[in-house]
Amino acid sequence: MDLPEWEAVYEPGNVSDYLIGYLNDEAPAKAAAEAWLRTQKEGIGRLEWGYLATSGEYDEWWDLAEIDDEDGAITDTGIIVRRRTAQQAGESG
């Protein structure tokens, strides 16, 4: 059985990536990522998704940023949502 093609991942930098989950579509993957972040941190500002150019094994890549409500500072959350190419999705199962 093949895994769903969308994955939500926390990439904190110098430590191992944390898989939030595999999902069937972009919207549920983003919702799962945002919900996971809210369980990890209190007082979250506004969240915005930004599209990043991709190549290789992913053909869609979104990065989640937090925007502070008071000063507008933008913080990278380390959370991404990405879609594996059809070839990669088929090889995973």
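Computed from a predicted model, the values in this text were never measured in an experiment.

Remarks on the sheet that holds strand β3 (residues 46-51)
Thought 1: Read from one edge to the other, the open sheet built from five strands follows the order β2-β1-β5-β4-β3, with strand pairing classed as antiparallel. Two strands close off the open sheet at either side, each with one partner strand: β2 (18-23) and β3. Strand-to-strand twist of the sheet, defined as the mean angle between neighbouring strand axes without regard to direction, takes the value 25 degrees.
Thought 2: As defined by bridge partners, strand β1 (residues 6-10) adjoins β2 across five bridges and the pair is classed as antiparallel.

Some thoughts on the pairing of strand β5 (residues 74-84)
Thought 1: Pairing between β1 and β5: five bridges, direction antiparallel. Note on β5: the bridge partner recorded for Glu7 is Arg82.
Thought 2: The pairing of strand β4 (residues 58-67) with β5 spans eight bridges and is antiparallel. Within the sheet, the bridge partner assigned to Asp63 lies in β5 and is Ile80.
Thought 3: Taken together, β4 and the strand that follows it, β5, pair antiparallel across an intervening segment of six residues, in which Gly72 is found at a positive phi of about 75 degrees.

Considering the nonpolar core
Thought 1: Formed by 14 residues in total, the largest nonpolar core has its most connected members in Ala33, Leu37, Trp49, Leu64, Ile79 and Val81.
Thought 2: For this core, the element with the highest residue contribution is helix α1 (residues 26-40), accounting for four residues.
Thought 3: Other than its neighbours up to four places away in sequence, Leu64 contacts Glu34, Leu37, Leu47, Glu48, Trp49, Thr75, Asp76, Thr77, Gly78 and Ile79.

Examining the pattern of salt bridges
Thought 1: In this structure the tally under the stated criterion is eight salt bridges.
Thought 2: For the salt bridge of Arg82 with Glu11, the shortest nitrogen-to-oxygen distance reads 3.3 Å. Placement of the pair is Arg82 in strand β5 and Glu11 in the loop between β1 and β2, with a sequence separation of 71 residues.
Thought 3: Judged by its relative accessible area of 27%, Glu11 falls in the partly exposed class.
Thought 4: The salt bridge partner of Arg46 is Glu48, with a shortest N-O separation of 2.1 Å.
Thought 5: A network of salt bridges, in which partner residues are shared, links Glu7, Glu11, Arg82 and Arg84.

Parameters at a glance
Residues numbered from 1 in each chain as written. Predicted model: local features only at pLDDT ≥ 70, side-chain atom pairs only at ≥ 80, totals over all residues. Heavy atoms only, no water. Pairing = 2+ DSSP bridges. Helix = DSSP H or I, 4+ residues; strand = E, 2+ residues; numbered from the N terminus. Axes fitted to C-alpha atoms, helices over the stretch in contact; angles between N-to-C directions. Core = buried A, V, L, I, M, F, W, Y, C linked by side-chain atoms within 4.5 Å. Buried < 20%, exposed > 50% of the residue type's maximum accessible area, 1.4 Å probe, protein only. Contact = heavy atoms within 4.5 Å. Salt bridge = Lys/Arg side-chain N within 4 Å of Asp/Glu carboxyl O.

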